[in-house]
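What follows is each chain in one-letter form.
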Amino acid sequence: MIKTGFEQLTWLFAACLLLLNPGCVKVEYSKIDDPAYLRVFNNLNYVQTLGSKDNKVPFFCMLINPVLDGNGMPTSAEIVGDFLDQRDAYAPPYPSHIGTSTSLNNPEYPGKENVLVGPILNGFDLSSWAQVPSGKIRIMFAYRPKNTVPFFQLENQLKKDILIDTVLNLTSKEVYTLHVLQKDFVTKRTGLLLREEIFQKLPLSDSLTYVNFYNMSAKGYWEADKSLKAEDYLMASFQGGMKDEMNVFLSLYEDQSNLSARAATIPGFKGKYLANVKLNTTTSDVTPYVSFPIWSGKTANGITTNMWQRFDFFVPGMDITNNPFYEASTDNGGNWVSVNCLQNGKVRMTSNDNAAILPNLLVNIHSGVNNPKTFATVNTVEVVNGRVYLTTIQRKYAPPIY
């Protein structure tokens, strides 16, 4: 079988890791004749609080086309995504976890798994999506203990607790993102949301960054008492949740020398209305992408920019001109939440601020003779209960020239 250039590089990467540290990489490639491309996130982000102490730890093994014994217990599967942990706040545009992590816990699938991945489609790198069989597939999510024992080596009584067992229909060569979600905060009902992505089909400009928004929170989350919600200071105002319908406003800041929400914004981009987002955990429609120019700042030179972004979510009828809350307020009854998108996602603001922190929507990387060079991206911002997540997709770029 003749391998593609990408597959050859992937095999070479894995082989080098094996030479450096035998046993650290498990390569399990099997040819899939007519694949679809799938990325999976575990959005069950609850923790053990007084109100949720009876909840099971949301740690799973994903099984695609499982084989069951006479008692209905899985004994093998065509595809296994083990040690599936809660998702990270940031899903970067490349499989960053392979070969760099000391833990088996996987923040997404494929994530750390060494499997056949997606190609370059319309210039977009799909190496964070795994190849899976197209057509009807049976998919299971089984609870598993938080240990280092592979799922099929666990004791039998530990392999019987199935959260989800369903059938999905995947079209060949299409790109899918699958979410495991809590759909009702009171009843604790869970389920799946399968989204067929369209970014790879759109005529997108290289000079614009695109973003769309989802509220995939459980029904009743924002109304619930604070004692039932996890405290997470990094999520700031999102901890309590946001109301079921919000308007999103964008502010663009020139550079990161002044990390304050009171810093001067780029003209035309101070609280600019972008989108309306409604609570939805049932329909899989892709929400419209909105955009902003990456070279809008006065210091942008067509090669690099140090611009950063802020998104404010306000209940309809409110915006930054009539906001009654003070800027450090993190308990606004679900009426106002915000997120700052900074260079490495962990920079501290210089002013008291209610915003969560995520990485910048722009990617700065060594490409060609430029180190760095700024690239536009396609992004998805998802709010799930008391947290906000960012997924970034990048076009293929020229390798560095030294």
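Rules of the game
Residues numbered from 1 in each chain as written. Predicted model: local features only at pLDDT ≥ 70, side-chain atom pairs only at ≥ 80, totals over all residues. Heavy atoms only, no water. Pairing = 2+ DSSP bridges. Helix = DSSP H or I, 4+ residues; strand = E, 2+ residues; numbered from the N terminus. Buried < 20%, exposed > 50% of the residue type's maximum accessible area, 1.4 Å probe, protein only. Core = buried A, V, L, I, M, F, W, Y, C linked by side-chain atoms within 4.5 Å. Contact = heavy atoms within 4.5 Å. Axes fitted to C-alpha atoms, helices over the stretch in contact; angles between N-to-C directions. Salt bridge = Lys/Arg side-chain N within 4 Å of Asp/Glu carboxyl O.

Asks: What exactly am I supposed to notice about the sheet that holds strand β15 (residues 290-293) here?
Replies: Read from one edge of the open sheet, 5 strands run β4-β22-β21-β12-β15, paired in mixed fashion. The open sheet has two edge strands, β4 (90-91) and β15, and neither has a second partner.

Asks: How do you make sense of the environment of Tyr-326 when you look at a structure like this?
Replies: Looking at where Tyr-326 falls in the secondary structure, it is placed in the loop between β16 (308-314) and β17 (336-342). Judged by relative accessible area, Tyr-326 falls into the exposed class, the value being 61%. Residues Tyr-326 and Asn-354, spaced 28 residues apart in sequence, show a C-alpha to C-alpha distance of 8.8 Å.

Asks: Could you clarify how one ought to interpret the nonpolar core in this entry?
Replies: Most often, soluble globular proteins have nonpolar side chains that are buried together. Phe-213, Phe-238, Phe-292, Phe-311, Phe-313, Val-339 and Val-388 are the most contacted members of the largest nonpolar core, which has 37 residues in total. No other element matches strand β13 (residues 245-253), which puts 5 residues into this core. Not counting residues up to four positions away in its chain, the partners in contact with Val-339 are Phe-238, Gln-309, Arg-310, Phe-311, Phe-313, Ala-355, Ala-356, Ile-357, Leu-358 and Val-388.

Asks: Which parts of the structure should I look at to understand the sheet that holds strand β18 (residues 356-359)?
Replies: Within a beta sheet, neighbouring strands are joined by backbone hydrogen bonds and run either parallel or antiparallel to one another. Here we have 5 strands laid out as an open sheet, ordered β14-β13-β16-β17-β18, and mixed in their pairing. A strand with exactly one partner marks an edge of an open sheet, and here the two such strands are β14 (272-278) and β18. The sheet shows a mean angle of 25° between the axes of neighbouring strands, taken without regard to direction. Sheet analysis places β16 next to β17, joined by 6 bridges and oriented antiparallel. Bridge pairing in β17 places Gln-309 opposite Cys-341.

Asks: Explanation requested: the pattern of salt bridges in the structure shown.
Replies: Pairing is possible between side chains of opposite charge, provided their charged atoms come close. Applying the stated criterion across every chain, the model contains 16 salt bridges. For Asp-85, the salt bridge is made with Lys-146, and the minimal N-O distance between the two is 3.5 Å. One end of the pair, Asp-85, is in the loop between β3 (74-84) and β4; the other, Lys-146, is in the loop between β8 (135-143) and β9 (162-170), and 61 residues separate them in sequence. Given a relative accessible area of 12%, Asp-85 falls into the buried group. Judged by its relative accessible area of 53%, Lys-146 is exposed. Close ionic contact of Asp-232 with Arg-387 constitutes a salt bridge, the shortest N to O distance being 3.6 Å. Remark: Arg-387 occurs in strand β22 (residues 387-394) and Asp-232 occurs in the loop between β12 (208-215) and β13; sequence separation between them is 155 residues. Judged by relative accessible area, Asp-232 falls into the buried class, the value being 19%. Several salt bridges share partner residues, and in doing so they unite Arg-87, Arg-195, Glu-197 and Glu-382 into one network.

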